[in-house]
Amino acid sequence: MKQVRMPGRRLTAVAVAAVLAATGGAVAVPAAAAPVGAFAGDEQQTAVTFPLSSTLVSAGESGFLTRQSGEYSQTRWIRYADGSSTPLPVSADAVRGGVSDVVVTGDQATSLTQWRRLKVHDMATGAAPVEIDLDRLGPNYTYRGNAGASLVVAVKKADGTMEAHLVGKTGDVVSDRTVTGLPEGTVGFSMAAASSGAAALIAVSGPSEARVYHRVAVDLAAGAVTDTYPTTGRQTPSGAVSSTHLAWTEESPLGIVVAKRGSSETRRIPVTNMYNHRYGLVGDWLVSGYAATPGSSDPTDAALVARSLTDPGVSVRLMDRLSSLVPGPNGTLLVRGGTADRGEGLYRVSPGADGRPAAELVSAPGDPITAVLGSEVPQVVDFDRSSGVDFTWRLSHRNAKVFLRLTHKRTGESTENLIWAPGVGFADRGEQTVGWTWSGDFQGDWLSEAPNGEYSWELDVEPIDRSAAQVTRTGTLTVVRKPAPHDYSDNGTPDVFARDWLGRLWKVDPDTLSNVPLNGYGREVGNGWEGYDRLESVGDVSGSNAPDTIARDRNGGLWLFRGTGLTRTPLESRTPLGGGWNTYDQLAGGSDLTGDGRADLVAFDKAGGLWLYKGAGSDTSVYAPRKKVGWGWGIYNQITAVGDVGGGPAGDLLARDKAGVLWLYPGKGDGTFASRVRLGGGWSAYTHLVGIGDANKDGRPDLYAYGPDGATYLYRGTGDWRAPFAARQFAQVYNHTGDSYDQVF
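Residues numbered from 1 in each chain as written. Predicted model: local features only at pLDDT ≥ 70, side-chain atom pairs only at ≥ 80, totals over all residues. Heavy atoms only, no water.

Remarks on the pattern of salt bridges
Then comes step 1: Going through the model one piece at a time under the given rule, you end up with 24 salt bridges.
Then comes step 2: The closest approach of N and O atoms between Arg552 and Asp533, which form a salt bridge, is 3.1 Å. Residue Arg552 is located in strand β44 (residues 548-553), and its partner Asp533 is located in strand β43 (residues 532-539); the two are separated by 19 residues in the primary sequence.
Then comes step 3: Measuring nitrogen to oxygen at the nearest pair gives 3.7 Å for the salt bridge that ties Glu536 to Arg534.
Then comes step 4: Assessed through its relative accessible area of 15%, Arg534 is described here as buried.
Then comes step 5: Overlapping salt bridges, with partners in common, bring together Asp596, Arg598 and Lys614 in one network. (Salt bridge = Lys/Arg side-chain N within 4 Å of Asp/Glu carboxyl O. Helix = DSSP H or I, 4+ residues; strand = E, 2+ residues; numbered from the N terminus. Buried < 20%, exposed > 50% of the residue type's maximum accessible area, 1.4 Å probe, protein only.)

Details of the pairing of strand β52 (residues 652-657)
Then comes step 1: β52 sits mainly inside the fold: six of its six residues count as buried.
Then comes step 2: Side chains Asp652, Leu654 and Arg656 of β52 all project onto a buried face; the interleaved residues Leu653, Ala655 and Asp657 project onto the opposite face, where all are buried too.
Then comes step 3: Here strand β51 (residues 636-643) pairs with β52 via six bridges, running antiparallel. Within β52, the position partnered with Ile639 by the bridge is Ala655. (Pairing = 2+ DSSP bridges.)

Observations concerning the sheet that holds strand β19 (residues 245-250)
The strands that make up a sheet pair up through hydrogen bonds in the backbone, lying either parallel or antiparallel.
Then comes step 1: An order of β18-β19-β20-β21 is seen for the four strands of this open sheet, with the pairing classed as antiparallel. This sheet does not close on itself; its edge strands, each paired only once, are β18 (240-241) and β21 (266-270).

Thoughts on the packing of aromatic side chains
Then comes step 1: A full pass over the atoms with the stated rule returns 33 aromatic pairs.
Then comes step 2: Considering the side-chain rings of Trp529 and Tyr532, the 5.6 Å spacing of their centres and the 55 degrees angle between planes classify their relative orientation as tilted. Each member of the pair, Trp529 as well as Tyr532, carries the same accessibility label: buried.
Then comes step 3: Here the aromatic rings of Trp581 and Tyr584 are separated by 5.6 Å at their centres, their planes lie at 55 degrees, and the arrangement is tilted. As far as burial versus exposure is concerned, Trp581 and Tyr584 are alike and both buried.
Then comes step 4: Site record: aromatic cluster; members linked through ring pairs are Phe383, Phe391, Trp393, Trp436, Trp438, Phe442, Tyr455 and Trp457.
Then comes step 5: Across the ring face of Trp611, the terminal group of Arg626 is positioned such that the distance to the ring centre comes to 3.6 Å.
Then comes step 6: The residue whose ring lies beneath Arg728 is Tyr713, and the NZ or CZ to ring-centre distance is 3.8 Å. (Phe/Tyr/Trp six-rings, centres within 6.5 Å; stacked < 30°, edge-to-face > 60°. Lys NZ or Arg CZ within 6 Å of the ring centre and 35° of its normal.)

Thoughts on the environment of Tyr584
Then comes step 1: Relative to the helices and strands, Tyr584 resides in strand β47 (residues 584-591).
Then comes step 2: Residue Tyr584 is classed as buried on the basis of its relative accessible area of 2%.
Then comes step 3: C-alpha separation for the pair Tyr584 and Gly556, spaced 28 residues apart in sequence, amounts to 9.0 Å.
Then comes step 4: Once residues lying within four places of it in the same chain are set aside, the contact partners of Tyr584 are Arg552, Ala603, Phe604, Asp605, Lys606, Trp611, Tyr613 and Arg626. (Contact = heavy atoms within 4.5 Å.)

Points about the sheet that holds strand β41 (residues 505-508)
Then comes step 1: Taken in spatial order, the four strands line up as β42-β41-β40-β59 in an open sheet, and their pairing is antiparallel. Looking at which strands have only one partner, the edges of the open sheet turn out to be β42 (522-526) and β59 (741-744). The mean angle between the axes of side-by-side strands here comes to 35 degrees, regardless of whether they run parallel or antiparallel.
Then comes step 2: Sheet topology note: the β41/β42 ladder contains four bridges and is antiparallel. Bridge pairing in β42 links Trp506 to Glu524. (Axes fitted to C-alpha atoms, helices over the stretch in contact; angles between N-to-C directions.)

Overview of unusual backbone geometry
Then comes step 1: Ser252 connects to Pro253 through a cis peptide bond whose omega is -10 degrees.
Then comes step 2: On the secondary structure map, Pro253 appears in the loop between β19 and β20 (255-260).
Then comes step 3: Even without a glycine there, the phi angle at Asn330 is positive, about 60 degrees.
Then comes step 4: Residue position: Asn330 is located in the loop between β26 (321-327) and β27 (333-339).
Then comes step 5: The exposure class assigned to Asn330 is partly exposed, which follows from its relative accessible area of 33%.
Then comes step 6: Unlike most non-glycine residues, Lys697 shows phi in positive territory, near 60 degrees.
Then comes step 7: Its place among the elements puts Lys697 in the loop between β55 (688-693) and β56 (702-707).

A closer look at the pairing of strand β39 (residues 471-480)
Then comes step 1: Both strand β31 (residues 380-382) and β39 contribute to a ladder of three bridges, which runs parallel. Counterpart to Asp382 in the pairing with β39 is Val480.
Then comes step 2: Taken together, the nine bridges between strand β38 (residues 453-463) and β39 define a ladder with antiparallel strand orientation. From the neighbouring strand, Gly453 faces β39, where its bridge partner is Val479.

In short, shape yes, function no, at least from these values alone.
Shown next, in the form of structure tokens:
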């Protein structure tokens, strides 16, 4: 054994004990450490809280090393006694071995094989780190890992072969022992695992064209290889070692190979995935499981299971979920995962009273194995300001199906969406996060846009691996929009009514979410409407915040049907407004012609006189007494209130003459109109022109034209009085050939 005196700090108690053990001396257990067989934190377990987003790196008697998600360059040592943590400048991937309170850091941010000046930290005492300079030992010394305070170092010889050395430090003296018994012709090795008294290496020998791989166990006290096992095929760089067994993974056939030390006996346990499987040894048991990392969306069963190595076929399910596993001191394992009854956290696996491994919760309290950790759900959704709103939830893991149910409180109608499932193609919103972008669609019993009002939401998280019961979270939100003149369903889209030849009343609530202009299917909302010869949507004239409808019977009586804002029952029972209305040839309502914010009504009589009924906005008196505002209107066979389509101060009026020419009368804001503007001919092809309001959500009123045999079109508003409508587009509303509607409004 070579010894080199070097300037440096005093060796800590743990390092002294480890060196004495390696050289056959008496072992002095540090005062800060727990007695053999116990954790230093056993009496204060409840002080430790294990973050859900952390991964285990290594474990000792006084604490454990973790890597916080998103902090790849920083690892932290967490103490059992008080839960305090210390950051360490080491990448989690650079930790090899462990199984003690010792953590080794280096002087390079890259691979640990580049480290030249090492620092050995005793986390039990918190003393200043012991420094070891590999360059003082030789340029051919390369760090491979540590087993306690013993550094496992590769030393390349002149003939190209490689030795394994155990390096330590006592005071200013560095000890350097050569490990004996490596396979002949070893040209390289890496460290796979460590236990309290042994290290597991992967040794490579033979020429480059015919490499041979072995798994070897090194007795740290003796500094010698005690067991060597040839391996075949592709394998991972990890492994497990105990006083009785050595374990590793192989690809052909896929499985974990467990060798009984001191013999040639091996056993292969099949696994489904070589790279995400975590395993360790507890007595005569192999403990293994598929690791689902925090926030994982992997659907594989992530249970932790112990399998007997002496009684094949006997297994014990220890935990319902596993995300990381490391060997602990004294033949134990430390596991980050959870059980359905005790929750998610940090567990210690050790032999129970009956000799079988058992899992004990170390961190307290245990977080639920499937938990909703937080949410970002808006309290108010204004679809006038946004076409899409994001909802997000942060989960303990994403190995689950996640459903979101929205229920409209006023109507009781609800819609449910699958917003997350592994492998389905949902957008990845980040680790542990699921979400949904709501564009306003609402299935209910018919696809439409979501009505205004208060909603309850319910999030259901169903673990795919059935490791825990379903988790449910609830909340409320409110959808708001400005009132729209033709929006009978209170959902921001204009509705279109039609009466068929049987007297049935139909309503279409168009789906403006599609790319087809004015697309939707009719819903029957009433019958017995054959007694009316004129039906008109007139806006909110009764002060109910929903548009209303007037109907004139064949005796000249006018009736008001107040709007409810409900999709299924959009109109209340009728209320009489008076008689004598058969003096009028045409009626048109829904536009604010006087600039006071209320919908008005115009009508021209059989003599061609145009009359204004100013909206009063009262439930008991919907219109003020009439006022004559024009003459000569007998030349027209249809008038339509369309709102402000010309960009003027008030609502406008369309009039079609008997030759089929359409004219625009721009409103002046006082109930009268500016000179008419000719819009074009050929409009006699339509039986009904309906000012439906803003159908395409561009802020401008539009026009719906209905003709026989499916000739239905949408004219989008432009806001220009000289050409207030763009070219027509086919509208899929009441467009079925053969259907006949004699009133469309």
